[in-house]
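Below, each chain spelled out in residue letters.
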Amino acid sequence: MSQRSTAMPSLGREAWREMERNSRRENWGRAWYKFSHNPLSVIGLATVLLIVLLAIFAPFVTPYPEHAGPFTDFANAKQPPSLAHLFGTDVVGRDVFTRTIFGFRFSLSMGLVVLSLVVPPGVLLGLVAGYYHGTWLDTVIMRITDIFLAVPPLILALAIASVLKPNLFNSMLAVSLMWWPWYTRLVYGLTTQMRNEYFTTSAEIMGASRWHILFREILPNCVSPIFTKMSLDMGWVILIGASLSFVGLGVQPPKPGLGTMVANGARYLPDLWWIALFPALAIVVIVLGFNLLGDGLRDLFAAEEI
Amino acid sequence: MQTVLFIVRRAAHSIVVLLGLSIVIFVISRILPGDPARIAAGARAPDWVVNNLREQMHLNDPLPVQYVYWLRDAVQGNFGLSLVTRRNVAQDIAEFFPATFELALYAGVIMAVLGISLGAIAARHKDSWIDNVMRVISYLGVVTPSFVWAIIFLLIFGFTLGWLPTLGRLTEGVPAPPRITGLYTVDALLTGRMDVFWDALKHIISPALALAMGSMAQQARITRAAMADNLAKDYIAAMRALGVPERVVMNKFLLKPSLIPTVSILGLDFAATMSNAFLVELIFNWPGISRYGINAMLRKDLNAIAAVILVLGVVFIVANILVDMAVAALDPRIRLSAARGV
């Protein structure tokens, strides 16, 4: 302790910062090396990046951006896949490829909105319940969490979505109400371990505030599992969102939700198979991408709890 | 004694969860804008009819009192009349439940048998090409939603190959077997109608497979991981060193402890299968409780929605208890610690 306090001024504050920056860069380099060692993780990352870029620039990269909404062109309806229409056209003549790319926008925003609604309260409750382990706060929070986890998530999300007006935002709300307990449980498990670690105890002895202990000592140590779970959950939330749209409780036509398109296309099986099949495969690709990425992150952080 | 204590503890916990679920459902059914009495009476009913109905439905009481009335009826299996069809909801549920249960049963058998065998094969050939192929298959299985599998199987088995029928539980013209259990394949066997049995069996394969794919892939992954872990343990090496035949090592000493994680996930998946069934039921036009529930949800038929969710929730919770008991039977350590209340 005394050695370090004499060494520090001689090195100078700038030099310390530089050292810190270097070690951080080194850590990133090492992490990337480890991550890129598994080709599946890299494929996952590439898929996710590609889909995000396609979704952002959808109006510029799709051949018929006007087909994303209520558009009809009966002369070109029911065309099988061809060079002009990669995924064919639907029953009113809209390009299925264009609509699928636009569909990614709804899926991604579903995932992003749900996770940003779910993670802060879920994590906060987990931190509090874990830190006050064994008290009534712990009991109340974790019993409520149990109740939510004891119900099949899809059915309650459906029930909530069904009493609200069916649209994208309400389906996000419904899924969010079902999703927070997973984060509470994850962070709860981590926090109950960490409250007995030396760094927490020493912070307590030094008289640090509860706020400091929860958010500056414990939370930073939970960040990598949380991020890993988020990347895995992106896939699952998108899947549930697509399921809600599929039954008519999510994105409403003529908006091109992937699940909505599959549901409408399913009526024209088997003759017009492309209308349902390509959006369905698009769901598989986006969920697969986030899963591969999440698995890669999990291996990287060796976060086995998730 | 310890086992009994374990079951009692588990059941007590489940009752708390069930009560919590019933509160959530009750709240959902009451936050909907609009007057349930008005919906039930119809838009053109005179005000005094609606007022009487409000009194009759206890809608003028405070919410906690309403909840107690609602719960008392629900426990007795009385969910009232459907607000849309005016039919008795409990009877509807009794009619549609067996179809979904049968579907889930077949899906459960498929995911247990195929999932565990695929996982065991992959573990035995760890890090070979077989293992890699299995890994890709299970990845695809996990990330593909059941309604996509449904469409794929419909296209392949139903239309392209023409092996399996595409819609419903029976071919048109084939009479439904007399109702004993409500499960067509079982009833047909009990009454000795082999033709009906084959027809019902053919109808159930594609939807059950579509429903099972996701969980099956997960079972395979979990079984493989658990077996691979245990394979590296000392007791397996000891067994082999003692000259115990490889088959016995594999099937007796390796498989049983490795099944613990699989069984816990399997039970949860089976219960979730009941509620995920609606995605598949919609595509195969399967007259089950999930499809009934979806229609109720789209029409905002509150009594029916509440009943469907409560029934599926009970199935989920009962399955959870059964799983815990099965796991405890496989692993004495869990049984002991749970009885001690650790």
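Residues numbered from 1 in each chain as written. Chains lettered and ligands numbered in written order. Predicted model: local features only at pLDDT ≥ 70, side-chain atom pairs only at ≥ 80, totals over all residues. Heavy atoms only, no water.

### A word on the overall build of chain A
Turning to step 1, where the next piece is worked out: A count of helices and strands for chain A gives twelve helices and zero strands.
Turning to step 2, where the next piece is worked out: Its helices and strands taken in sequence order, chain A reads α-α-α-α-α-α-α-α-α-α-α-α from the N to the C terminus.
Turning to step 3, where the next piece is worked out: Principal axes of the C-alpha set define a box for chain A whose edges measure 85 × 45 × 25 Å.
Turning to step 4, where the next piece is worked out: Across the 306 residues in chain A, those meeting the buried criterion constitute 49%.
Turning to step 5, where the next piece is worked out: Summed over its atoms, the accessible surface of chain A is roughly 14900 Å², and 66% of this surface lies on carbon and sulfur atoms.
Turning to step 6, where the next piece is worked out: Distance from the positive charge centre (22 side chains) to the negative charge centre (19 side chains) of chain A: 5 Å. (Helix = DSSP H or I, 4+ residues; strand = E, 2+ residues; numbered from the N terminus. Buried < 20%, exposed > 50% of the residue type's maximum accessible area, 1.4 Å probe, protein only. Areas by Shrake-Rupley, 256 points an atom, 1.4 Å probe, with all protein chains shown as cover. Lys, Arg positive; Asp, Glu negative; His and termini not counted. Charge placed at Lys NZ, Arg CZ, Asp CG, Glu CD.)

### Looking at the side chain of His85(A)
Residue and element names in this part refer to chain A.
Turning to step 1, where the next piece is worked out: Positionally, histidine 85 belongs in the loop between helix H4 (58–61) and helix H5 (96–131).
Turning to step 2, where the next piece is worked out: Under the relative-accessibility criterion, histidine 85 is labelled buried at 9%.
Turning to step 3, where the next piece is worked out: Of note is the side chain of histidine 85, whose polar atom sits 3.1 Å from the side chain of aspartate 95.
Turning to step 4, where the next piece is worked out: Leave out the neighbours within four places in its chain, and histidine 85 touches Tyr64, Pro80 and Asp95. (Polar contact = N/O pair within 3.5 Å; in protein donor to acceptor, adjacent residues only side chain to side chain. Contact = heavy atoms within 4.5 Å.)

### Observations concerning the packing of aromatic side chains
Turning to step 1, where the next piece is worked out: Tallied over the full model, the rule gives 17 aromatic pairs over all chains.
Turning to step 2, where the next piece is worked out: Judged by centre distance (5.1 Å) and plane angle (85°), the rings of Phe87(A) and Phe97(A) are edge-to-face. Highlighted residues: Phe87(A) in the loop between H4 and H5 and Phe97(A) in helix H5, separated in sequence by ten residues.
Turning to step 3, where the next piece is worked out: Plain terms: the ring middles of Phe157(B) and Trp163(B) are 6.3 Å apart, the flat faces sit at 20° to each other, and that makes the pair stacked.
Turning to step 4, where the next piece is worked out: Judged by its relative accessible area of 59%, Trp163(B) is exposed.
Turning to step 5, where the next piece is worked out: Aromatic ring contacts, followed pair by pair, group Phe87(A), Phe97(A), Trp273(A), Trp274(A) and Phe278(A) into a single cluster.
Turning to step 6, where the next piece is worked out: Lying across the ring of Tyr139(B), Arg221(B) places its NZ or CZ 4.8 Å from the centre. (Phe/Tyr/Trp six-rings, centres within 6.5 Å; stacked < 30°, edge-to-face > 60°. Lys NZ or Arg CZ within 6 Å of the ring centre and 35° of its normal.)

### Let's talk about the packing of helix H6 (residues 136–149) of chain A against helix H8 (residues 168–194) of chain A
All names here are of chain A.
Turning to step 1, where the next piece is worked out: Their axes nearest at 9 Å, the elements H6 and H8 cross at an angle of 130°. Comparing their axes, H8 and H6 come out oblique. Crossing handedness for the pair H6 and H8: left-handed. Together, Asp138, Ile141, Met142, Ile144, Thr145, Phe148 and Leu149 of H6 and Leu177, Met178, Trp180, Pro181, Trp182, Thr184, Arg185 and Tyr188 of H8 make up the contact between the two elements. (Axes fitted to C-alpha atoms, helices over the stretch in contact; angles between N-to-C directions. Parallel < 35°, antiparallel > 145°, perpendicular 65-115°, else oblique. Left-handed = near helix turned anticlockwise from the far one by under 90°.)

### Points about helix H7 (residues 153–163) of chain A
Turning to step 1, where the next piece is worked out: Taken across its eleven residues, H7(A) has ten buried, putting it largely inside the fold.
Turning to step 2, where the next piece is worked out: Among all positions of H7(A), only Leu154(A), Ile155(A), Leu156(A), Ala157(A), Leu158(A), Ala159(A), Ile160(A), Ala161(A), Ser162(A) and Val163(A) are buried.

### Here we look at unusual backbone geometry
Turning to step 1, where the next piece is worked out: Pro254(A) follows Pro253(A) through a cis peptide bond whose omega is 10°.
Turning to step 2, where the next piece is worked out: Residue position: Pro254(A) is located in the loop between helix H10 (210–246) and helix H11 (258–266).

### Remarks on a nonpolar patch on the surface
Residue and element names in this part refer to chain A.
Turning to step 1, where the next piece is worked out: Judged by side-chain polarity, Leu53, Ile56, Phe57, Phe60 and Val61 come together as a nonpolar surface patch covering roughly 530 Å² of accessible area.
Turning to step 2, where the next piece is worked out: Positionally, valine 61 belongs in helix H4.
Turning to step 3, where the next piece is worked out: Residue classification places valine 61 among the partly exposed residues on the basis of a relative accessible area of 43%. (Patch = residues over 30% accessible without salt bridge, like charges linked within 9 Å, V, L, I, M, F, W, Y side chains within 5 Å. Salt bridge = Lys/Arg side-chain N within 4 Å of Asp/Glu carboxyl O.)

### Comments concerning the interface of chain A and chain B
Turning to step 1, where the next piece is worked out: Listed by partner, the interface residues are 38 residues for chain A and 38 residues for chain B.
Turning to step 2, where the next piece is worked out: Carbon and sulfur atoms make up 85% of the surface buried where chain A meets chain B, a total of about 3400 Å² over both sides.
Turning to step 3, where the next piece is worked out: The largest share of the area that chain A buries against chain B comes from Ile155(A), Val163(A) and Phe246(A), three residues that together contribute 16% of it.
Turning to step 4, where the next piece is worked out: At the boundary of chain A with chain B, the tally comes to one salt bridge. (Buried area = accessible area lost by both parts, 1.4 Å probe.)

### Side note on the environment of Ile28(B)
Turning to step 1, where the next piece is worked out: Among the secondary structure elements, Ile28(B) is positioned in helix H1 (residues 2–31).
Turning to step 2, where the next piece is worked out: Along the primary structure Ile28(B) and Leu302(B) are separated by 274 residues, whereas in three dimensions their C-alpha atoms are 9.0 Å apart.

### Here we look at the pattern of salt bridges
Turning to step 1, where the next piece is worked out: Scanning the model with the defined rule gives ten salt bridges over all chains in all.
Turning to step 2, where the next piece is worked out: Residues Arg94(A) and Asp90(A) are paired through a salt bridge, measuring 3.1 Å at the closest nitrogen-oxygen approach. Residues Arg94(A) and Asp90(A) agree in their burial class; the two are buried.
Turning to step 3, where the next piece is worked out: Put simply, Glu246(B) and Arg240(B) hold a salt bridge, and the shortest N to O gap is 2.8 Å.
Turning to step 4, where the next piece is worked out: Relative accessible area serves as the criterion here: at 39%, Glu246(B) is assigned to the partly exposed category.
Turning to step 5, where the next piece is worked out: Each of the salt bridges in this network shares a partner with another, and the network as a whole consists of Asp295(A), Arg298(A) and Arg221(B).

### Focus on the nonpolar core
Turning to step 1, where the next piece is worked out: Ranked by size, the top nonpolar core spans 147 residues in total, and within it Leu158(A) and Phe147(B) carry the most contacts.
Turning to step 2, where the next piece is worked out: It is H5(A) that provides the largest number of residues to this core, a total of 14 residues.
Turning to step 3, where the next piece is worked out: Non-local contacts of Leu158(A), meaning those with residues more than four positions away in its chain, are made with Leu244(A), Val247(A), Leu249(A), Phe278(B), Ile294(B) and Met297(B).
Turning to step 4, where the next piece is worked out: In terms of nonpolar packing, the next biggest core, distinct from the first, is built from eight residues, Ala120(B), Ala123(B), Met250(B) and Leu254(B) among them. (Core = buried A, V, L, I, M, F, W, Y, C linked by side-chain atoms within 4.5 Å.)

### Looking at helix H12 (residues 289–298) of chain B
Turning to step 1, where the next piece is worked out: Taken across its ten residues, H12(B) has seven buried, putting it largely inside the fold.
Turning to step 2, where the next piece is worked out: Within the sequence span of H12(B), burial applies to Ile289(B), Ser290(B), Tyr292(B), Gly293(B), Ile294(B), Ala296(B) and Met297(B).
Turning to step 3, where the next piece is worked out: As for H12(B), its buried residues are in contact with H7 of chain A together with helix H5 (89–124), helix H11 (246–284) and helix H13 (302–330) of chain B.
Turning to step 4, where the next piece is worked out: Taken from the residues just after H12(B), Lys300(B) is the one with a positive phi, measuring 55°.

### A look at the packing of H12(B) against H13(B)
Residues and elements named next belong to chain B.
Turning to step 1, where the next piece is worked out: Running from amino to carboxyl end, H12 crosses H13 at an angle of 145°, the nearest separation of the two axes being 9 Å. The two elements H12 and H13 cross, and the hand of that crossing is left-handed. Along the contact surface, H12 presents Ile289, Tyr292, Gly293, Ala296 and Met297, while H13 presents Ala304, Ile305, Val308, Ile309, Val311 and Leu312.
Turning to step 2, where the next piece is worked out: Considered class by class, the residues forming the contact of H12 with H13 number ten nonpolar, one polar and no charged. (Nonpolar A, V, L, I, M, F, W, Y, C, P; charged D, E, K, R; others polar.)

### Thoughts on the confidence of the model for chain B
Residue and element names in this part refer to chain B.
Turning to step 1, where the next piece is worked out: Taken over all residues, the pLDDT of chain B has a mean of 80, while the share at 70 or more is 94%.
Turning to step 2, where the next piece is worked out: No element of chain B has a lower mean pLDDT than helix H14 (residues 332–340), at 58, and none a higher one than H5, at 88.
Turning to step 3, where the next piece is worked out: As scored by the predictor, the complex reaches a pTM of 0.80 and an ipTM of 0.76. (pLDDT = per-residue confidence, 0-100.)

### Examining the confidence of the model for chain A
All names here are of chain A.
Turning to step 1, where the next piece is worked out: When pLDDT is averaged along chain A, the result is 84, and 94% of the positions lie at 70 or above.
Turning to step 2, where the next piece is worked out: The secondary structure element of chain A with the lowest average pLDDT is helix H1 (residues 2–11), at 49, and the one with the highest is H5, at 92.
Turning to step 3, where the next piece is worked out: Per-residue pLDDT stays below 50 along residues 1–8; that stretch engages in one contact with residues further than four places along the chain or on separate chains.

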